[in-house]
Amino acid sequence: MDTVNDKQMLLRALPKVDEFLRWLLFDDGGISAEMHKRQWLSADCEKAPLFLVKKAVRETVAASRQAVLDGKVSDVATLTHDALFADLQRRLALMMQPNFRTLINASGVVIHTNMGRSLLPESAMQGILQVGRCYSNLEFDLKTGKRGSRYSLVEEILCELTGAEAALVVNNNAAAVLLVLGTLAEGREVIVSRGQLVEIGGSFRIPEVMKKSGACLVEVGATNRTHLRDYEGAISADTALLLKVHTSNYRMIGFTSEVPLSEMVALGAKHGIPVMEDLGSGSLVDLTRCGLAKEPTVREVVASGADVVTFSGDKLLGGPQAGLIIGRKAIIDRIKKNPLNRALRIDKFTLAGLEGVLRLYGDERQAMRSIPTLAMLSATRQEIGKRAARLKRLVQKPLAGKCLVELCDTESRVGGGALPEQALPSRALSLRPLTVSVNALEEGLRRLSLPIIGRIENEAMLLDLRTVSDLEIQPLAHGVLDFFSTLSAEKG
Ligand SMILES: *Cc1c(COP(=O)(O)O)cnc(C)c1O
């Protein structure tokens, strides 16, 4: 009864959208709408186009209407233009944020596919900025003045770094596999071990990519064991390719066996059938120096005699998203002529970034230092511990009484592609909030305007400093303090 009347009264008191807008934009006796917006709105909102301002006003009014209907409002004073202005401004600020933005990866997963995989070294970034601003010789041969090929820009350096005869780069490794299979084996058979029919990420599955390429999959061996005689027994006049796939994101243990690449190569040579390896990650340097398990480098795979090898640009290589195809010249030449290649080609930014990264590999020590993926993988626990201690110094005192702050040992992961399960000893800052749940802390940090992504372990939020650069420590500390100060503001 009474509450019904109250609700009616509150609903009538809600601002009308167009009045609210007029109040916001014109209610100042003569100053232009543009100027007025500037006075009202904070710096990040003043550039908002009118349609967004309108949208924010509509949302603000709709949200207060809902709050009234839900019985969450009891005072008309909270429904005035002035009272709703803060909510409006917050909504507008959110709308003005780009959807695609940066975050702080404190998860400790170095090659994190969902967070952009590899960060580029500064020199590669410079290259990307340059070709974005200026015209370039993307497909223009400066020697002849005639049309050139974009692939030639990185082919030589790729051959030098891997020992391959020829190379080609496409959009990503999935595209590389599709293109090689479609070129060498369309309408013919490809022999693969059952243990290597993997799914990588959402939608890349070897059997399905094979089907799309037009090649026919011939599975051999058992899930856990495949022998050379299994391959040999499956060879027929229709066999176009022997394919080895790096099982990347999973590992078989126990009673298992795989045929080494060199034996597949010998078999292929005997029957005149080329051998391909989809290497997935593909490292150009030996990472046992970072304490990682031995994985053959791309150069070693080429030296084992593989006719064609594919790998990603943004996994262990530490470059931009790309699919690198290297191998025998006769094979690469055929792939270059495949019309599908045009649909899968890489853009100029990728090429600039890739060349920048590849050039750093000319000096391995320099590569380890300046390619972020490699630097993060090779960082010692001591180095990471220093960063963690710095972060702790920045947040511990202000968080007294709100959160337990401690340093702890933890394990980072390599992530995407080869060696995903490999653990790297690391140091983290552990946060145990005293007044909210650890899940609320995790969500709060994730929803900051510069989101912070950590991980929850044993009821604590861990911020693993392996994947956080020196320059990010200050913003990371600010974000954490911001979260706790909005908490106490809401409480108070
Ligand atoms: C990651 C991976 C792919 C897919 O590579 P993208 O560059 O992500 O397209 C294909 N094969 C293997 C073995 C992989 O590890």
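Residues numbered from 1 in each chain as written. Predicted model: local features only at pLDDT ≥ 70, side-chain atom pairs only at ≥ 80, totals over all residues. Heavy atoms only, no water.

Attention now moves to the sheet that holds strand E11 (residues 323-327). Ordered in space as E3-E11-E10-E9-E8-E4-E7, the seven strands form an open sheet in which the pairing is mixed. Bordering the open sheet on either side are strand E3 (166-170) and strand E7 (216-220), each of which pairs with just one other strand. The mean inter-strand angle of the sheet, taken between neighbouring strand axes irrespective of direction, is 25°. Relative to strand E9 (residues 275-280), strand E8 (residues 239-245) is paired through four bridges, and the arrangement is parallel. Across the sheet, Lys244 pairs through a bridge with Glu277, a residue of E9. Packing of helix H13 (residues 329-337) onto the sheet brings it into contact with E3, strand E10 (308-312) and E11, and relative to E3 it is tilted by some 30°. (Pairing = 2+ DSSP bridges. Helix = DSSP H or I, 4+ residues; strand = E, 2+ residues; numbered from the N terminus. Axes fitted to C-alpha atoms, helices over the stretch in contact; angles between N-to-C directions. Contact = heavy atoms within 4.5 Å.)

Turning our eyes to something else, we now look at the nonpolar core. By size, the foremost hydrophobic cluster in this structure holds 57 residues, and its most contacted members are Leu287, Leu358 and Tyr361. The residues that make up this core include at least three from each of domain 2 (104-112 + 377-491) and domain 3 (122-370). Ranked by size, the runner-up nonpolar core spans 32 residues in total, among them Leu168, Leu184, Val192 and Ile331. (Core = buried A, V, L, I, M, F, W, Y, C linked by side-chain atoms within 4.5 Å. Buried < 20%, exposed > 50% of the residue type's maximum accessible area, 1.4 Å probe, protein only. Domains from an automatic or database assignment.)

Each pair of packed helices can be described by the angle between their axes along with the distance between the axes. Interaxial distance between helix H4 (residues 50-69) and helix H5 (residues 81-96) falls to 9 Å at its minimum, and their mutual angle equals 130°. As summarised for this structure, H4 and H5 are arranged oblique, according to the angle between their axes. Crossing hand, H4 versus H5: right-handed. Contact residues: H4 offers Leu52, Val53, Lys55, Ala56, Val57, Glu59, Thr60, Ala63 and Ser64, while H5 offers Leu84, Asp87, Leu88, Arg91, Leu92, Met95 and Met96. Looking at the contact of H4 with H5, its residues break down into ten nonpolar, two polar and four charged. (Parallel < 35°, antiparallel > 145°, perpendicular 65-115°, else oblique. Left-handed = near helix turned anticlockwise from the far one by under 90°. Nonpolar A, V, L, I, M, F, W, Y, C, P; charged D, E, K, R; others polar.)

Before going further, it helps to examine the pairing of E9. In terms of burial, E9 is largely enclosed, as six of its six residues are buried. Of the two faces of E9, the one lined by Val275, Glu277 and Leu279 and the one lined by Met276, Asp278 and Gly280 are each fully buried. Handedness of the crossover joining E8 and E9 through helix H11 (residues 261-271) is recorded here as right-handed. Summarising the sheet, E9 and E10 pair through four bridges and their orientation is parallel. Across the sheet, Gly280 pairs through a bridge with Phe311, a residue of E10. You can see the chain leave E9, run along helix H12 (residues 298-303) and come back into E10, and the turn it takes is right-handed. (Right-handed = clockwise from strand over helix to strand, strands pointing away.)

These figures capture arrangement, not role.
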